[in-house]
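Listed here are the chains, written in short residue letters.
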Protein chains: 4
Amino acid sequence: MSTRYAYLGPRGTFTEAALQAALRASGEDAGSELVASPTVGAALDAVRRGDARGAMVPLENSVEGSVSATLDELAFGAPLVIVRETQLPVTFELLARPGTELTDVRRVATHPHAEAQCRGWLAEHLPGARVLPASSTAAAAAAVADPAGTYDAAIAAPLAGAVYGLRSLASGIGDNTSAETRFVLVARPCEPAPATGADKTSLVLVIGQDHPGALLEILTEFAVRGINLTRIESRPTGGGIGDYFFSVDAEGHIDEARVGEALIGLHRICADVRYLGSYPRADGARPQLRRGVSDVEYAQAQAWLARIRDGRA
Amino acid sequence: MSTRYAYLGPRGTFTEAALQAALRASGEDAGSELVASPTVGAALDAVRRGDARGAMVPLENSVEGSVSATLDELAFGAPLVIVRETQLPVTFELLARPGTELTDVRRVATHPHAEAQCRGWLAEHLPGARVLPASSTAAAAAAVADPAGTYDAAIAAPLAGAVYGLRSLASGIGDNTSAETRFVLVARPCEPAPATGADKTSLVLVIGQDHPGALLEILTEFAVRGINLTRIESRPTGGGIGDYFFSVDAEGHIDEARVGEALIGLHRICADVRYLGSYPRADGARPQLRRGVSDVEYAQAQAWLARIRDGRA
Amino acid sequence: MSTRYAYLGPRGTFTEAALQAALRASGEDAGSELVASPTVGAALDAVRRGDARGAMVPLENSVEGSVSATLDELAFGAPLVIVRETQLPVTFELLARPGTELTDVRRVATHPHAEAQCRGWLAEHLPGARVLPASSTAAAAAAVADPAGTYDAAIAAPLAGAVYGLRSLASGIGDNTSAETRFVLVARPCEPAPATGADKTSLVLVIGQDHPGALLEILTEFAVRGINLTRIESRPTGGGIGDYFFSVDAEGHIDEARVGEALIGLHRICADVRYLGSYPRADGARPQLRRGVSDVEYAQAQAWLARIRDGRA
Amino acid sequence: MSTRYAYLGPRGTFTEAALQAALRASGEDAGSELVASPTVGAALDAVRRGDARGAMVPLENSVEGSVSATLDELAFGAPLVIVRETQLPVTFELLARPGTELTDVRRVATHPHAEAQCRGWLAEHLPGARVLPASSTAAAAAAVADPAGTYDAAIAAPLAGAVYGLRSLASGIGDNTSAETRFVLVARPCEPAPATGADKTSLVLVIGQDHPGALLEILTEFAVRGINLTRIESRPTGGGIGDYFFSVDAEGHIDEARVGEALIGLHRICADVRYLGSYPRADGARPQLRRGVSDVEYAQAQAWLARIRDGRA
């Protein structure tokens, strides 16, 4: 029986490509069934219900920023945890039905974000074409694939070409060639994979009453234990302008002593802390630990404390 | 000759309502011409070119969060400053052509964000209706107003009903009745209005090389001078995952000593600081200053320093 | 068999009075033998050797400051711990042999510190007397008691009058009537008395290489756990000007979670930490704990961490 | 007419040697008259009254620690400023009248601190000698010089040998050969010598109501401007146990922007700040400035602030 994974669809999205890459990397691609979900929320709910073992969703993009839907869906509702992250370059292609040439292209379908990221190329190579909005780049490709449709080409992920039987008229047409998207594979709460030494831990932090310096206090809980943050986002709680929660990624693994102690500190001072998982970093970068924060140094200090508490000096 | 102001259109948006309210409040509504712009960027560029004296754009919403386009457009390109802020409750109405009754409504047009915020009401009162996406709530209202169109009703701002000659079938249909949006009126760099004692100062802060603790350093520059932040957003610089700038609102006015000293501190440690204006708070809330940070205390300390530097003990 | 306690002598010092008061308070005065030691170091060495169960020594005086000999003797050599603290007002008396009247007093013996603290009274009441230095106030009293001696009176503690058979010519002759001295009872390393909720913990902290901000780091380890310091002294290590260690008293007991965690933090970042004991405060003052630092809140946070580490969310 | 300088006497002290060295270094030794004062307070009062242009007093010793009398005398009374610092190795000699040989020495006079620092040498070379206390090492030398006296030798500074016509029986007899004392030359308030780039600034800081974290706040005022402290001492205010002021030396000169801003910050948050002078460091060590705290960077930031305050972006 195959293992089912949900992803933000429709078929042919960058997210599907990220899920395929992740399963290939872990050797799970053979026995897995990939199911497209219409929204991030739907993909996560499939996991919450047990209909899927995991869900791949986009978390942030180096051009557009965070994906609010993902941050908010993970912050509220039944708890889920991130078990893996995948980072992919954003490579846009101009896809058309076989037989269409670049000079034939008059009407281009794509998602507004993709249009924004290919504006330079379009101005140079298709100055006369009209760009029409689709709900996703994959939906645009699907619409182009429909022979009864009214579009000549779509801007979409390479995968969409394969999925919908389209031909690439041009590759790498994004203006920012270093653009990339970070995706996360989300599962039901479970013990994390063992620490690799190059891990991240994701958290949702809710400050209770808004008091001056609360964010500084939070950052100090990390800093005093030598933990660097790789991402911090403020999101509205829905309670009114000025009422925020924070979504953060910290270097390190929950099983490491410094991370555990920082979590205890956050739990003590925040109105709420939601743990969103510890997982290996996609880039494999190991933190540069300053003196005194390694597990060995924590263990030595704890042994010393036990000794002096017992009066053994 | 009338003074021209741009706003994020089309006609009938919440943003137009905010602009009208702001001009009414300052008594400028009589002689002003309001011009709808298709995008935030277009509205700001009208100001940059001198085609408009100011532009009203949305900055953040208590449900959806920050408006990325506004944060990014203000952070890059020719400098602009915020001269006023306006905060409005988000009140959705179901608008239809005269003659349409609630029981006739089958097809509802609106922007996806508005749909998300009225999901509860729709499920209860229009369980059988189909909701179709429009590029804005005002565009939805315009489409409904078109007798040749295929929509029965639009979810939009009350102003859109007046603009497009529609009738309200239901008011206050948002699920979160405390939802509000914060808009800012943006102008070319100019001397700020005098400090009122209840002001905000907006900034864009770019940390140079990403080093651990850089955000903590930034917050400390504010905290050591007793300045509270009311908003902090991280946004990608476009340089890759993990490369951010910060958009912040701080309590206080650039002409106040503690704010000036904090700005000097930020300028010294950040790779770049962009000043986005000092302006009165929409809510009129005055900061609770701790001992030692008022202008009077700064002036006394400066006089003392001058004395001892001169050897007068 | 009696229990032996050492104190900084000779007989009749303020330190002996402090030891008597402490033993009376704990009901141990009956079965105890009090032994005068010539120096702080000698008193502590008697404990180290096992010749005394404890030693009472002065730690600080509200006029003269810290007693360097005590700080240094506790920081180096075989470890000892403070098990009790006693705070006594400094009450000076003018003591003479029976038969001597105030008008007879020409030559007054006392310790230079005592002379400094009674200067006002001496100028007013004994303007013509000559004050001669003794090695301690008790030694001055002993010299006065010697009928073959050349002194008419001594400035010393009330106890010295009783010890040496002298009569008080004037009481409370110190210029600063609120002067007080803090004494500590020191023992060999042992389990501390249980936490009372109003305790102090004393420490010696050695910063390794002198790096800017090291003291700030140390204070942050306390502050982040809501622990206030009641005393901090820098003392030379003997390695050269600019090379210091710190002697500190912190609010709280080593068995309290926040104190234990702070000690672990100090152990991780300092070149050396020496624990000098947890003991009830003489003034019984309880710390004002901020939110999140009580043992209950620590226990809740630890239970939460254990749950999420196990994948139980 | 000669310029008069006071010093902590009597003649032949280490302090006199420090004053001679300082005046020689500045070429003022020819026209200066050096006057011994019996106490630190008397030396400083000579300056306060205008009887001396300056006073040389000891501030701290690498073995004994701070000289409390100096810290307290500078903190209270009419303000004075440090204009120069001198650091000298502590070199003890065994001095005797001509004709005395080491084997003749039975009774040695010296100050108790000096005895403590030569204990090892004495045990090895003069195991049978008796050491008797004098009020200073110079007073000991003077007593030995008196042929009617009862001492065979004195432990004192080399200068004392020259002053009192004694001969050195042994040199460098201190146990800690790296021991050194730091002296300061104090004057009436005056403009400081220009910044050299390797300066210190001395301060007395009084925290008003004792509140948790007050010392952390003070250190943060320095740290946020990249200023390192080279010394921090707590001293009792005389108001009771637990009531302290701080005596600190900071790297930098009052005319430097970062130091001026830190002083303004301290003045705003402390109950009292007393400036004790900016002067060149004896060791000539220049601070390692982190990014953003040089005078050039301050000037650039101030020019930028002036521009944006004027609306010039």
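A.B. asks: Could you clarify how one ought to interpret the overall build of chain A in this entry?
C.D. replies: What chain A contains, in helices and strands, is ten helices and 15 strands. Dimensions of chain A, computed from the C-alpha atoms along their principal axes, are close to 85 × 50 × 35 Å. Buried residues in chain A amount to 52% of all 313 residues. The long-range fraction of contacts in chain A, counting pairs at least 24 apart against all pairs at least 6 apart in sequence, stands at 76%.

A.B. asks: Sorry, what's going on with the packing of helix H8 (residues 214–223) of chain C against helix H9 (residues 257–269) of chain C here?
C.D. replies: Describing two packed helices takes the angle between their axes plus the distance from one axis to the other. Residues and elements named next belong to chain C. Between H8 and H9, whose axes approach to 9 Å, the crossing angle comes to 160°. As the angle between them shows, H8 and H9 are arranged roughly antiparallel. Note on packing geometry: the crossing formed by H8 with H9 is right-handed. Residues Glu-217, Ile-218, Glu-221 and Phe-222 of H8 pack against Ala-262, Gly-265, Leu-266 and Ile-269 of H9. Partitioning the contact of H8 with H9 into residue classes produces five nonpolar, one polar and two charged.

A.B. asks: I tried to follow the arrangement of the chains on my own but got confused; where do I start?
C.D. replies: Taking C-alpha atoms as the reference, chain B and chain C come no closer than 14 Å and do not contact one another. Structurally, chain A and chain D remain out of contact, their C-alpha atoms never closer than 14 Å.

A.B. asks: Whenever I open this one, the relation of the copies chain C and chain D confuses me. Can you help?
C.D. replies: Note on the chain copies: they are related by a rotation about an axis and a translation along it. Of the transformation placing chain C onto chain D, the axial shift is 0.0 Å and the rotation is 180°, giving an RMSD of 0.1 Å. With respect to symmetry, the two chain copies, as superposed, fit the operation of a two-fold axis. Take the interface residues of chain C: 100% of them recur as interface residues in chain D, which is what a same-surface contact looks like.

A.B. asks: Is there a simple way to explain the interface of chain A and chain B in this structure?
C.D. replies: As a measure of interface size, the accessible area lost when the parts come together is often cited. Counting residues at the interface gives 29 residues for chain A, matched by 30 residues for chain B. Listed by contribution, the elements that provide at least two residues to the side of chain A that touches chain B are strand S11 (180–187), helix H8 (214–223) and strand S13 (229–236) of chain A. Take the side of chain A that touches chain B: its biggest share by element is six residues, from S13(A). Class assignment of the residues belonging to the side of chain A that touches chain B gives a composition of nine nonpolar, 14 polar and six charged.

A.B. asks: I would appreciate a short explanation of the sheet that holds strand S12 (residues 199–206) of chain D in the present structure.
C.D. replies: Strand pairing in a sheet relies on backbone hydrogen bonds. The paired strands run either parallel or antiparallel. Residues and elements named next belong to chain D. Spatially, four strands are ordered S13-S14-S12-S15 in an open sheet, and the strand pairing comes out antiparallel. Pairing within the sheet leaves two strands with one partner each, and these edge strands are strand S13 (229–236) and strand S15 (272–280). Strand-to-strand twist of the sheet, defined as the mean angle between neighbouring strand axes without regard to direction, takes the value 15°.

A.B. asks: Got a minute to help me understand the relation of the copies chain A and chain B in this structure?
C.D. replies: Of the transformation placing chain A onto chain B, the axial shift is 0.0 Å and the rotation is 180°, giving an RMSD of 0.0 Å. Most of the interface of chain A is mirrored in chain B: 100% of its interface residues are interface residues there too.

A.B. asks: Explain the domain arrangement of chain A to me, please; I cannot follow it from the model alone.
C.D. replies: Residue and element names in this part refer to chain A. Domain boundaries assigned for chain A yield domain 1 (1–90 + 180–190), domain 2 (93–171) and domain 3 (192–313). Its C-alpha centre places domain 1 at a distance of 24 Å from the equivalent point of domain 3. Across the boundary between the two partners, domain 1 contributes 14 residues, which contact 14 residues of domain 3. Where the side of domain 1 that touches domain 3 is concerned, the elements lending two or more residues are helix H3 (68–75) and strand S5 (81–89). A per-element tally of the side of domain 1 that touches domain 3 places S5 first, with seven residues. Residues of the side of domain 1 that touches domain 3, tallied by class, amount to seven nonpolar, four polar and three charged.

A.B. asks: Just to check I follow, could you spell out the interface of chain C and chain D for this structure?
C.D. replies: Counting from both sides, the interface comprises 29 residues of chain C and, opposite them, 29 residues of chain D. When residues of the side of chain C that touches chain D are traced back to their parent elements, those giving at least two are strand S11 (180–187), H8 and strand S13 (229–236) of chain C. Looking at which element gives the most residues to the side of chain C that touches chain D, the answer is S13(C), with six residues. Residue composition of the side of chain C that touches chain D, by class: nine nonpolar, 14 polar and six charged.

A.B. asks: Sorry if this is basic, but what is going on with the pairing of strand S3 (residues 54–61) of chain A here?
C.D. replies: A regular strand places its side chains on the two faces of the sheet in alternate fashion. All names here are of chain A. Across the eight residues of S3, eight count as buried, placing the element largely inside the fold. Relative to S3, strand S1 (residues 3–8) runs parallel, the two sharing three bridges. Across the sheet, Ala-6 pairs through a bridge with Ala-55, a residue of S3. Pairing geometry for S3 and S11, over six bridges, is antiparallel. The partner of Glu-60 across the bridge, within S11, is Arg-182. Pairing of S3 with strand S4 (residues 65–66), which is carried by two bridges, proceeds in the antiparallel orientation. What sits directly across from Glu-60, in S4, is Ser-66. Two successive antiparallel strands, S3 and S4, enclose a turn made up of three residues.

A.B. asks: Just checking my understanding: could you explain unusual backbone geometry for this structure?
C.D. replies: With the exception of glycine, most residues fall at negative phi, and the peptide bonds are largely trans. Going from A:Gly9 to A:Pro10, the amide bond is cis rather than trans, its omega being 5°. Of note, A:Pro10 is situated in the loop between S1 and helix H1 (14–25).

A.B. asks: Would you explain helix H8 (residues 214–223) of chain B in this entry?
C.D. replies: Residues lying three or four places apart along an α-helix face the same way, a consequence of the helix completing one turn every 3.6 residues. In terms of residue burial, H8(B) counts as a mostly covered element, since eight of its ten residues are buried. Those residues of H8(B) not exposed but buried are B:Ala214, B:Leu215, B:Ile218, B:Leu219, B:Thr220, B:Glu221, B:Phe222 and B:Ala223. For H8(B), the elements touching its buried residues are H8 and S13 of chain A together with strand S12 (199–206), strand S13 (229–236), strand S14 (244–251) and helix H9 (257–269) of chain B.

A.B. asks: Would you mind showing me how to read the packing of helix H9 (residues 257–269) of chain A against helix H10 (residues 295–309) of chain C here?
C.D. replies: The geometry of H9(A) relative to H10(C) is characterised by a closest axis approach of 9 Å and an angle of 125° between their N-to-C directions. Comparing the axis directions of H9(A) and H10(C) gives the class oblique. Where H9(A) crosses over H10(C), the two elements pack in a sense that is right-handed. Along its contact with H9(A), which presents A:Gly260, A:Leu263, A:Ile264, A:His267 and A:Arg268, the element H10(C) presents C:Glu297, C:Tyr298, C:Ala301, C:Gln302, C:Trp304 and C:Leu305. Per-class residue counts for the contact of H9(A) with H10(C) are six nonpolar, three polar and two charged.

A.B. asks: For this particular structure, what's the right way to read the sheet that holds strand S10 (residues 167–171) of chain C?
C.D. replies: Residues and elements named next belong to chain C. As summarised here, the arrangement of the five strands in space is S8-S7-S9-S6-S10, forming an open sheet in which the pairing is mixed. In the strand order of this sheet, the two ends are held by strand S8 (130–133) and S10, each with one partner. Averaged over all pairs of adjacent strands, the angle between strand axes in this sheet comes to 30°, irrespective of strand direction. The pairing of strand S7 (residues 107–110) with strand S9 (residues 153–156) spans two bridges and is classified as parallel. Looking at S9, one finds that Ala-109 is bridged to Ala-154. Along the sheet, helix H6 (residues 137–145) contacts strand S6 (93–96), S7 and S9; its crossing angle with S9, the most-contacted strand, is approximately 160°.

A.B. asks: Mind showing me how you'd approach the environment of B:Gly226 here?
C.D. replies: Mapping B:Gly226 onto the fold places it in the loop between H8 and S13. Not counting chain neighbours up to four residues away, the residues in contact with B:Gly226 comprise B:Arg258, B:Leu289, B:Arg290 and B:Val293.

A.B. asks: I keep staring at H9(C) and nothing clicks. Help me out?
C.D. replies: Over its 13 residues, H9(C) runs 19 Å from end to end, which matches the ideal 18 Å to within 8%, given 1.5 Å per residue. Burial within H9(C) is extensive, with 13 of its 13 residues counted as buried.

A.B. asks: Explanation requested: the confidence of the model for chain A in the structure shown.
C.D. replies: Parts of the prediction with low pLDDT should not have their coordinates interpreted in detail. Considering every residue of chain A, the mean pLDDT works out to 94; 98% of them sit at 70 or more. Here the complex is predicted with pTM 0.94, and the ipTM for its interfaces comes to 0.94.

Reading guide: rules and limits
Along every chain, residues carry numbers that run from 1 in the direction the sequence is written. Numbering of ligands from 1 and lettering of chains from A proceed in the order in which they are written. pLDDT decides what is reported in this predicted model: residues at 70 or higher carry local features, side-chain atom pairs at 80 or more are listed and counted, and totals for whole chains, interfaces and linings draw on all residues regardless. Strands are runs of DSSP state E lasting at least two residues, helices are runs of H or I lasting at least four, and both sets are numbered from the N terminus onward. Whether a residue is buried, exposed or partly exposed follows from its count of other C-beta atoms within 10 Å of its own C-beta, namely 20 or more, 12 or fewer, or something in between, respectively; the C-beta atoms are built from the backbone. A pair of residues counts as a contact when their C-beta atoms, built from backbone coordinates, are separated by no more than 7 Å. Here, axes are lines fitted to C-alpha atoms. For helices the fit covers the stretch in contact, and angles between N-to-C directions go from 0 to 180 degrees. By the definition adopted for this analysis, an angle is roughly parallel if under 35 degrees, roughly antiparallel if over 145, roughly perpendicular if from 65 to 115, and oblique otherwise. By definition, turning the near helix anticlockwise from the far helix through less than a right angle yields a left-handed crossing, and turning it clockwise yields a right-handed one. Under the scheme applied, nonpolar residues are Ala, Val, Leu, Ile, Met, Phe, Trp, Tyr, Cys and Pro; charged residues are Asp, Glu, Lys and Arg; polar residues are all the others, including Gly. C-alpha atoms of residues with pLDDT of at least 70 in both copies form the basis for the least-squares superposition of the copies. DSSP bridges decide pairing: two strands pair if at least two such bridges lie between them. Residue ranges for the domains trace back to a domain assignment, done automatically or taken from a database. Given the number of residues in a helix, its expected span is that number minus one, multiplied by 1.5 Å. As a per-residue measure, pLDDT tells how confident the predictor is, with possible values from 0 to 100.

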